[in-house]
Amino acid sequence: DVEGFNDDLKIRKLEGALVAENFQGRMWVNELDGSLNLKSSRGKNNLEGLKGNINFASKSAEMHFSQLGGTINGRADGGLISLALKGKTDAKIMCKSAKTTVAIAKGLGVRIDIGSDEGNLVSGIPLKSERLEKIKLMRGQTSGSPGGSVFIRSEDGEIRVRSL
């Protein structure tokens, strides 16, 4: 377990489970093969080269993920979330007003399902748009080798999808 209030935390080349809490400092995790449970209030978190199961909760933090494979499950009130998917990954993220960006590696076939009650949906990838009674949706599939799925819901935060 790792906790930081206003600290710089650096973790590199870890196999196994990591439980971390970062209140308002900076955290770098590089090359994790295992599981990560991360809570962050206002911190800036850079997580690169991750393989495994990632769970996060954020109040208004910045969360930058570079995922090589596995799962990402998260909840965010505000802040910024960016995902760079470079391997087969299943992501499920629920937001209130967080700005979320997903970048998908070319040649990775990812099933995409994004939706927001009042926030903007923007895609540089061809997706089908749909408006239901209370939510705007964009759905589709990128072409390539099986690459998992992205499911994101937001109350009023913007969601962007693009190619890497």
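*Asks:* Help me understand the overall build of the chain in this model?
*Replies:* Helices and strands together make up the secondary structure of the chain, namely 0 helices and 14 strands. Ordered by position in the sequence, the α and β elements of the chain form the string β-β-β-β-β-β-β-β-β-β-β-β-β-β. Taken against the 2.2 N^0.38 rule, which gives 15 Å for 164 residues, the C-alpha radius of gyration of the chain at 15 Å falls within 12% of a compact globule. Each principal axis of the C-alpha atoms in the chain carries an extent, and together these give about 45 × 35 × 20 Å. The 164 residues of the chain split such that 48% are buried. Intrachain contacts of the chain at a sequence separation of at least 6 include 33% that bridge at least 24 residues. Carbon and sulfur atoms form 45% of the exposed surface of the chain, whose accessible area is close to 8300 Å². Distance between charge centres in the chain, computed from 25 positive and 20 negative side chains, equals 5 Å.

*Asks:* How should I be thinking about the packing of aromatic side chains in this particular structure?
*Replies:* Across all of its chains, the model carries 1 aromatic pair by this definition. Judged by centre distance (5.1 Å) and plane angle (35°), the ring pair of F56 and F65 falls under tilted. Overall, F65 belongs to the buried group, its relative accessible area being 3%. Between the NZ or CZ atom of K10 and the centre of the ring of W28, over which it lies, the distance is 5.1 Å.

*Asks:* Any chance you could explain the pattern of salt bridges here in plain terms?
*Replies:* Side chains bearing opposite charge may pair, as long as their charged atoms lie close to each other. Applying the stated criterion across every chain yields a total of 9 salt bridges. R139 is the salt-bridge partner of E130, the closest N and O atoms lying 3.5 Å from each other. Judged by relative accessible area, E130 falls into the partly exposed class, the value being 32%. Here R139 falls in the partly exposed class, since its relative accessible area comes to 36%.

Procedures and definitions
- Residues numbered from 1 in each chain as written.
- Predicted model: local features only at pLDDT ≥ 70, side-chain atom pairs only at ≥ 80, totals over all residues.
- Heavy atoms only, no water.
- Helix = DSSP H or I, 4+ residues; strand = E, 2+ residues; numbered from the N terminus.
- Rg over C-alpha atoms; globule rule 2.2 N^0.38 Å.
- Buried < 20%, exposed > 50% of the residue type's maximum accessible area, 1.4 Å probe, protein only.
- Contact = heavy atoms within 4.5 Å.
- Areas by Shrake-Rupley, 256 points an atom, 1.4 Å probe, with all protein chains shown as cover.
- Lys, Arg positive; Asp, Glu negative; His and termini not counted.
- Charge placed at Lys NZ, Arg CZ, Asp CG, Glu CD.
- Phe/Tyr/Trp six-rings, centres within 6.5 Å; stacked < 30°, edge-to-face > 60°.
- Lys NZ or Arg CZ within 6 Å of the ring centre and 35° of its normal.
- Salt bridge = Lys/Arg side-chain N within 4 Å of Asp/Glu carboxyl O.

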